Amino acid sequence: MTIGIDQIDFYVPKFYVDMAKLAEARNVEPNKFLIGIGQTEMSVSPVSQDIVSMGANAAKNIVTEEDKKQISMVIVATESAIDSAKASAVQIHNLLGIQPFARCFEMKEACYAATPAIQLAKDYLANRPNEKVLVIASDTARYGLNSGGEPTQGAGAVAMMITHNPRILAFNDDAVAYTEDVYDFWRPTGHSYPLVDGALSKDAYIRSFQQSWTEYAKRTNKTLADFASLCFHVPFTKMGKKALDSILTDEISDETKERLTEGYEAATYYNRYVGNIYTGSLYLSLISLLETRTFEAGQSIGLFSYGSGSVGEFFSGTLVAGYQDALNIDGHKALLNNRTELSVADYESYFARFDNLEFNHDIELADEQNAIFYLNEINDNIRHYNTLN
Ligand code: COA
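Residues numbered from 1 in each chain as written. Predicted model: local features only at pLDDT ≥ 70, side-chain atom pairs only at ≥ 80, totals over all residues. Heavy atoms only, no water.

### With respect to the overall build of the protein chain
Next up, step 1: Helix and strand counts for the protein chain stand at 14 helices and 17 strands.
Next up, step 2: For 389 residues, the compact-globule estimate of 2.2 N^0.38 gives 21 Å, and the protein chain sits close to it at 20 Å.
Next up, step 3: For the protein chain, the spread of C-alpha atoms along the principal axes amounts to about 55 × 55 × 40 Å.
Next up, step 4: For the protein chain, the residues scored as buried account for 58% of the 389 residues in total. (Helix = DSSP H or I, 4+ residues; strand = E, 2+ residues; numbered from the N terminus. Rg over C-alpha atoms; globule rule 2.2 N^0.38 Å. Buried < 20%, exposed > 50% of the residue type's maximum accessible area, 1.4 Å probe, protein only.)

If you want it as structure tokens, here you go:
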């Protein structure tokens with residue numbers, strides 16, 4: 001019995017800001033953002049894209065009419081919840097037209113939550129061969145203008161269809177999670193922006209990775225030589241690289257070091273142009289890897305998930321024969337290449353509009369692709385979504 005990722009897709013809003021220009025506007029040497037943090041562009045969300053619409057947009061192309069009858073669970077992983085009670089999965093379920101006898105709920109543990117969602121889906125499906133689970137990771141990463149975290153913002157969603165006999169990646173039964181109570185990044189209820197201890201968050205991430213990996217290697221007797229490539233949670237591309245480098249010690253062969261280092265570049269290519277999308281970052285990295293490098297069926301990909309607070313998890317999957325046919329390389333390149341650059345001044349005004357929930361659909365929806373879902377208005381605290389025809 002194999003269970004894993006049958007389909008995977010992502011959505012990013014149509015606006016971005018150039019990191020070199022943001023650095024100049026902040027009187028920072030551009031190479032700090034471009035090289036030191038490792039980000040070239042950063043997705044900017046208009047008010048009309050929240051976690052519901054982005055999640056539905058990420059999923060709409062991978063959910064077929066047949067899938068709508070078979071999906072029995074929709075899980076949304078997010079740390080940008082728009083409601084403390086109602087789950088965004090319920091609204092996404094409605095927008096996508098999934099059959100009504102389904103469980104829908106939200107999961108939270110900072111950037112980690114999509115990973116336990118996948119593990120839950122895997123266990124849930126074990127006794128349900130004819131059902132499918134839709135897992136969506138959707139977030140808007142906002143630290144505030146002129147804040148330390150500003151260059152590590154972003155917005156976007158990843159959708160994954162978890163099924164039996166998956167077409168892309170079959171999960172191996174090997175996940176090892178590591179939990180440590182640490183205040184590296186958190187957002188108390190009522191705060192618009194997270195509180196973050198940047199230096200501690202980098203240390204906590206690396207420690208969590210080393211602990212998860214070491215325990216994983218001990219339990220499975222696997223070494224780095226067993227992996228064709230590794231994917232990491234990518235709050236910024238330099239972060240995962242630091243974690244990877246920390247285990248590429250002298251005992252590791254040059255061939256393995258080179259393979260994993262080249263793989264890391266491929267696995268962060270999309271992230272470099274999108275920025276941090278919190279829960280979806282690891283899975284955007286997986287898409288980036290699979291769409292920018294070629295692998296053979298049967299090869300293993302290792303994945304490290306991290307959520308501040310903190311929980312880390314190392315697990316792996318095996319590539320399925322013909323996995324390339326299930327990818328959407330041209331569609332994803334078009335989505336990234338057809339975005340609109342915002343000047344720093346415009347990015348700042350978008351930021352303010354987001355805080356005050358001021359809609360300006362003329363700008364936000366101009367040149368958008370057809371059939372995208374968007375937040376049309378909020379009336380009496382109820383969010384109304386439309387589809388662009
Ligand atoms: N050229 C090249 N690199 C430069 C540079 C330049 N001109 N100037 C600085 N750098 C490098 C620094 O040496 C540093 O690299 P290092 O980490 O390898 O030492 C890097 O750029 C970042 O510099 P730093 O001083 O640490 O930046 P910062 O204090 O502004 O903080 C973050 C950076 C990422 C911690 C901050 O943006 C943040 O808090 N982000 C949100 C939290 C987060 O994403 N945490 C990740 C774990 S979940």
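### Comments concerning the UniProt feature "binding site: (3S)-3-hydroxy-3-methylglutaryl-CoA" (unreviewed entry) in the protein chain
Next up, step 1: Sequence positions flagged by UniProt for "binding site: (3S)-3-hydroxy-3-methylglutaryl-CoA" (unreviewed entry) are, in local numbering, Tyr143, Lys242 and Asn276.
Next up, step 2: Of note, Lys242 is situated in helix H8 (residues 237–247).
Next up, step 3: Those residues in contact with Lys242, other than ones at most four positions away along the chain, are Lys202 and Ile206.
Next up, step 4: When sequence neighbours within four positions are dropped, the list of residues in contact with Asn276 reads Ala141, Tyr143, Thr152, Gln153, Gly154, Ala155, His233, Val234, Pro235 and Ser281. (UniProt positions renumbered as here; feature names shortened; annotations may be inferred. Contact = heavy atoms within 4.5 Å.)

### A closer look at the UniProt feature "active site" (unreviewed entry) in the protein chain
Next up, step 1: In the numbering used here, UniProt assigns the "active site" (unreviewed entry) feature to Glu79, Cys111 and His233.
Next up, step 2: Along the chain, Glu79 falls in the loop between strand S4 (71–77) and helix H5 (88–96).
Next up, step 3: The buried category is assigned to Glu79, whose relative accessible area is 13%.
Next up, step 4: Leaving out residues up to four positions away in the same chain, Glu79 has contacts with Ala110, Cys111, Asp139, Phe185, Arg187, Tyr278 and Thr279.
Next up, step 5: At a separation of 3.1 Å, a polar atom in the side chain of Glu79 contacts the main-chain amide nitrogen of Cys111.
Next up, step 6: Position of His233 relative to the elements: it lies in the loop between strand S12 (229–232) and H8. (Polar contact = N/O pair within 3.5 Å; in protein donor to acceptor, adjacent residues only side chain to side chain.)

### Some remarks on the packing of helix H9 (residues 254–267) against helix H11 (residues 281–292)
Next up, step 1: Where H9 meets H11, the closest approach of the two axes is 7 Å, and the angle between their N-to-C directions is 110 degrees. Judged on the interaxial angle alone, H11 and H9 are roughly perpendicular. Contact residues: H9 offers Gly263, Ala266 and Ala267, while H11 offers Ser285, Ser288, Leu289 and Thr292.
Next up, step 2: Tallied by class, residues from the contact of H9 with H11 come to three nonpolar, four polar and no charged. (Axes fitted to C-alpha atoms, helices over the stretch in contact; angles between N-to-C directions. Parallel < 35°, antiparallel > 145°, perpendicular 65-115°, else oblique. Nonpolar A, V, L, I, M, F, W, Y, C, P; charged D, E, K, R; others polar.)

### Observations concerning helix H6 (residues 114–125)
Next up, step 1: Its twelve residues give H6 an end-to-end C-alpha distance of 16 Å, which sits within 8% of 16 Å, the value for a rise of 1.5 Å per residue.
Next up, step 2: The buried fraction of H6 amounts to ten of the twelve residues, a majority that puts the element mostly inside the structure.
Next up, step 3: Among the residues of H6, those classed as buried are Ala114, Thr115, Pro116, Ala117, Ile118, Gln119, Ala121, Lys122, Tyr124 and Leu125. (Expected span 1.5 Å × (residues − 1).)

### What about unusual backbone geometry?
Next up, step 1: In this structure, the amide linkage connecting Gly309 to the following residue, Ser310, adopts the cis form with an omega of 0 degrees.
Next up, step 2: On the secondary structure map, Ser310 appears in the loop between strand S13 (300–307) and strand S14 (311–319).
Next up, step 3: With a phi close to 45 degrees, Ala110 is a non-glycine residue in the positive phi region.
Next up, step 4: When its relative accessible area of 9% is taken as the criterion, Ala110 is described as buried.
Next up, step 5: Although it is not a glycine, Asp380 adopts a positive phi angle of roughly 50 degrees.
Next up, step 6: Tracing the chain through its elements places Asp380 in the loop between strand S16 (373–379) and strand S17 (382–387).
Next up, step 7: Among the residues examined, Asp380 registers a relative accessible area of 75% and is labelled exposed.

### Quick notes on the pattern of salt bridges
Side-chain pairs of opposite charge can arise where the charged atoms are in close proximity.
Next up, step 1: Here the structure, examined in full by the defined rule, presents 20 salt bridges.
Next up, step 2: Lys21 is the salt-bridge partner of Glu341, the closest N and O atoms lying 2.8 Å from each other. Here Glu341 is found in strand S15 (residues 340–341), whereas its partner Lys21 is found in helix H1 (residues 19–25), with 320 residues between them in sequence.
Next up, step 3: For Glu341, a relative accessible area of 34% translates into the label partly exposed.
Next up, step 4: Under the relative-accessibility criterion, Lys21 is labelled partly exposed at 42%.
Next up, step 5: Between Glu150 and Arg26 there is a salt bridge; the shortest N-O distance is 2.6 Å. (Salt bridge = Lys/Arg side-chain N within 4 Å of Asp/Glu carboxyl O.)

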